[in-house]
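Tertiary structure, described
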Amino acid sequence: MSTLRFKTTINCGGCIKAVTPSLNREVGADNWQVDTANPDKILTVTAAQATASQVVKAVQDAGFEIQPLAQ
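A short tour of the structure in this document, coming up. Keep in mind that what you see is a predicted model, and the values were worked out from it rather than measured.

1. Thoughts on the sheet that holds strand S3 (residues 42-47)
One key point about sheets: their strands pair by backbone hydrogen bonds, in either a parallel or an antiparallel sense. In spatial order, the strands read S2-S3-S1-S4; together these 4 strands make up an open sheet with antiparallel pairing. Two strands lie at the open edges of the sheet, namely strand S2 (32-35) and strand S4 (66-68), each paired on one side alone. For this sheet the average axis-to-axis angle between neighbouring strands, irrespective of direction, equals 25°. Sheet topology places strand S1 (residues 2-8) next to S4; 3 bridges connect them, and they run antiparallel. Bridge pairing in S4 places Lys7 opposite Gln67. The sheet strands contacting helix H1 (residues 13-27) are S2 and S3, and the helix crosses S2 at an angle near 150°.

Here it is, written out as structure tokens:
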């Protein structure tokens with residue numbers, strides 16, 4: 001199981017709702033969460049098969065900006 005962290009522009013419940021279908025498809029439901037209280041809107045993905053490129057594509061496809069954080 002690996003944990004990936006990203007800085008995003010996912011900053012509210014509506015944004016989370018918009019990105020949910022793509023992230024669920026790429027990494028699975030319940031394998032990710034966004035800390036909207038953090039100024040950097042940190043997306044944390046914990047999944048056995050997830051890659052950073054999959055997550056970046058899913059978030060960008062939903063219309064948001066994303067940057068991997070140093071692990």
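2. As for the nonpolar core
The biggest cluster of nonpolar side chains holds 19 residues, and the ones touching the most others in it are Phe6, Leu23, Trp32, Leu43, Val45, Val55 and Val59. Put simply, the parts of the chain that give this core at least two residues each are S1, H1, S2, S3 and helix H2 (52-61). Each residue touching Leu23, except ones within four places of it in the same chain, is listed here: Gly28, Trp32, Leu43, Val55, Ala58 and Val59.

3. Topic: H2
Of all the positions in H2, only Val55, Val56, Ala58 and Val59 are classed as buried. What you see down the axis of H2 is that its buried residues fit within an arc of 165°, all on one side. For H2, the exposed residues lying more than 90 degrees away from the buried face are Ser53 and Asp61. As for H2, its buried residues are in contact with S1, H1, S3 and S4. Following H2 by one or two positions, Gly63 has its phi on the positive side, about 95°.

About the thresholds
Residues numbered from 1 in each chain as written. Predicted model: local features only at pLDDT ≥ 70, side-chain atom pairs only at ≥ 80, totals over all residues. Heavy atoms only, no water. Pairing = 2+ DSSP bridges. Helix = DSSP H or I, 4+ residues; strand = E, 2+ residues; numbered from the N terminus. Axes fitted to C-alpha atoms, helices over the stretch in contact; angles between N-to-C directions. Contact = heavy atoms within 4.5 Å. Core = buried A, V, L, I, M, F, W, Y, C linked by side-chain atoms within 4.5 Å. Buried < 20%, exposed > 50% of the residue type's maximum accessible area, 1.4 Å probe, protein only. Arc of directions from axis to C-beta.

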